[in-house]
Amino acid sequence: MSQSVGVVVPAYRPNPDRLVPYVHALVEELDPEVVRVELDAPRSATLDALDSLPAVVTVNPVDARRGKGAAITAGFEALDTDILAFADADGSTPAESMARVVDAVHDGADLAVGSRRHPDATVASHQTVARRYLGDGFAWLARHLTEVPLYDYQCGAKAITADAWADVRTHLYEPGFAWDIELIAVSGAFDHRIVEVPVVWEDQPNSTVSPIDTTLKMGRGLLRSRHRARTIREDRLHEFIAARNDERTLVEDASCEVMDD
């Protein structure tokens, strides 16, 4: 029996000239049941441009900037498919590579993680030197602080089974870019089968990401993600810390305030 696929594309004020053909390519390559474009703080011109998207595409515009993690989570919660996938709106991961990430779940992975740092990945266009060093440093820390040794944790191409998503959903709190590492750390704590998939990667200019500010936020998010994973594994120290915190799920948080990353 074939598994149905739903795709979420989180987008904050995207370039329509890049987003529209990318969504068309995702539809052609993945043959998804639905694609949800979670569109934060859209401009009217962007909404007009997205009217040309195929019928399987749903656009969900939200006035506030929720953050990448909150947008993906909202999209995943709206899906009713066997496989849930997301692809960053800038199209840095081509649709063909995104299809390989989804195929890894079809082939038995619980969580498939696209990787631009994998030795078999193809980097068509590099990030700036500063962003590359910051990214490499973050990946090194993540390998040492989580129980999931990967080359790349932040590539915007991932897919997960609906069953694995049901396991991790209530343990996710990060509303911004640290959501990726939290998803991986928590999935690892559930002993899910995680597969890293090398992708073709082409860095896109004019990113809305502030390298240093975002890296600092992701560093804090990494420490929180490690804590949550250890709590799931019933580490006594981390259970004690968790018992003293009053945390809410990120969808609840995102509905109450505008996120700044």
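Residues numbered from 1 in each chain as written. Predicted model: local features only at pLDDT ≥ 70, side-chain atom pairs only at ≥ 80, totals over all residues. Heavy atoms only, no water.

**What about a negative patch on the surface?**
- A cluster of like negative charges, contributed by E33, D80, D82, D163 and D167, occupies part of the molecular surface.
- The class of D163 is exposed, set by a relative accessible area of 62%. (Patch = residues over 30% accessible without salt bridge, like charges linked within 9 Å, V, L, I, M, F, W, Y side chains within 5 Å. Areas by Shrake-Rupley, 256 points an atom, 1.4 Å probe, with all protein chains shown as cover. Salt bridge = Lys/Arg side-chain N within 4 Å of Asp/Glu carboxyl O. Lys, Arg positive; Asp, Glu negative; His and termini not counted. Charge placed at Lys NZ, Arg CZ, Asp CG, Glu CD. Buried < 20%, exposed > 50% of the residue type's maximum accessible area, 1.4 Å probe, protein only.)

**A closer look at helix 7 (residues 179-189)**
- Most of helix 7 sits out of view: 11 of its 11 residues are buried.
- Looking at helix 7, one finds that the buried residues are W179, D180, I181, E182, L183, I184, A185, V186, S187, G188 and A189.
- Once helix 7 ends, the next one or two residues include D191, with phi positive near 60°. (Helix = DSSP H or I, 4+ residues; strand = E, 2+ residues; numbered from the N terminus.)

**Let's talk about the pairing of strand 5 (residues 111-115)**
- When you tally the buried positions in strand 5, you get 5 out of 5 residues, the bulk of the element.
- Burial along strand 5 is two-sided: the residues L111, V113 and S115 and A112 and G114 are all buried.
- The pairing of strand 5 with strand 7 (residues 157-161) spans 3 bridges and is classified as antiparallel. By the bridge assignment, L111 is partnered in strand 7 with I160.
- Where strand 5 lies against strand 8 (residues 194-198), 5 bridges are found, and the strand directions are parallel. What sits directly across from V113, in strand 8, is E196. (Pairing = 2+ DSSP bridges.)

**Some thoughts on empty space enclosed by the protein**
- Across all of its chains, the model carries 1 cavity of 30 Å³ or more by this definition.
- One number sums up the size of the largest cavity: a volume of about 80 Å³.
- Lining the largest cavity are L145, T146, E147, V148, A185, G188, A189, R226, A229, R230 and R233.
- Those elements that provide at least two residues to the lining of the largest cavity are helix 7 and helix 8 (211-232).
- For the lining of the largest cavity, a count of residues per class yields 5 nonpolar, 2 polar and 4 charged. (1 Å grid on protein atoms, 1.4 Å probe; cavity = no way out; pocket = protein on both sides within 12 Å on 5 of 7 lines; lining within 4 Å. Points joined across faces, edges and corners; volume = space filled by probe spheres on them. Nonpolar A, V, L, I, M, F, W, Y, C, P; charged D, E, K, R; others polar.)

**A few points about the packing of aromatic side chains**
- Taken as a whole and judged by the stated rule, the model has 4 aromatic pairs.
- Between the aromatic rings of F76 and W179, the centroid separation amounts to 6.3 Å while the plane-to-plane angle is 70°, which identifies the pairing as edge-to-face. Of this pair, F76 sits in helix 3 (residues 68-78) while W179 sits in helix 7, and the two are 103 residues apart along the sequence. Here F76 and W179 have matching classes, each one buried.
- For the pair F86 and W179, a centre-to-centre distance of 5.8 Å together with 75° between the ring planes defines the contact as edge-to-face. Here F86, found in strand 4 (residues 83-87), pairs with W179, found in helix 7; they are 93 residues apart in sequence, far enough to count as distant. The two residues F86 and W179 agree in class, both being buried.
- Site record: aromatic cluster; members linked through ring pairs are F76, F86, W165 and W179. (Phe/Tyr/Trp six-rings, centres within 6.5 Å; stacked < 30°, edge-to-face > 60°.)

**Notes on the sheet that holds strand 5**
- Strand order across the open sheet formed by 7 strands is 3-2-1-4-7-5-8, with mixed pairing between neighbours. Among the strands making up the open sheet, the edge pair consists of strand 3 (57-62) and strand 8. Across the sheet, the mean angle from the axis of one strand to that of its neighbour is 20°, orientation sign disregarded.
- Each of strand 1 (5-12), strand 2 (34-40), strand 4 and strand 7 is contacted by helix 3, which is oriented at about 150° to strand 1, the strand it contacts most. (Axes fitted to C-alpha atoms, helices over the stretch in contact; angles between N-to-C directions. Contact = heavy atoms within 4.5 Å.)

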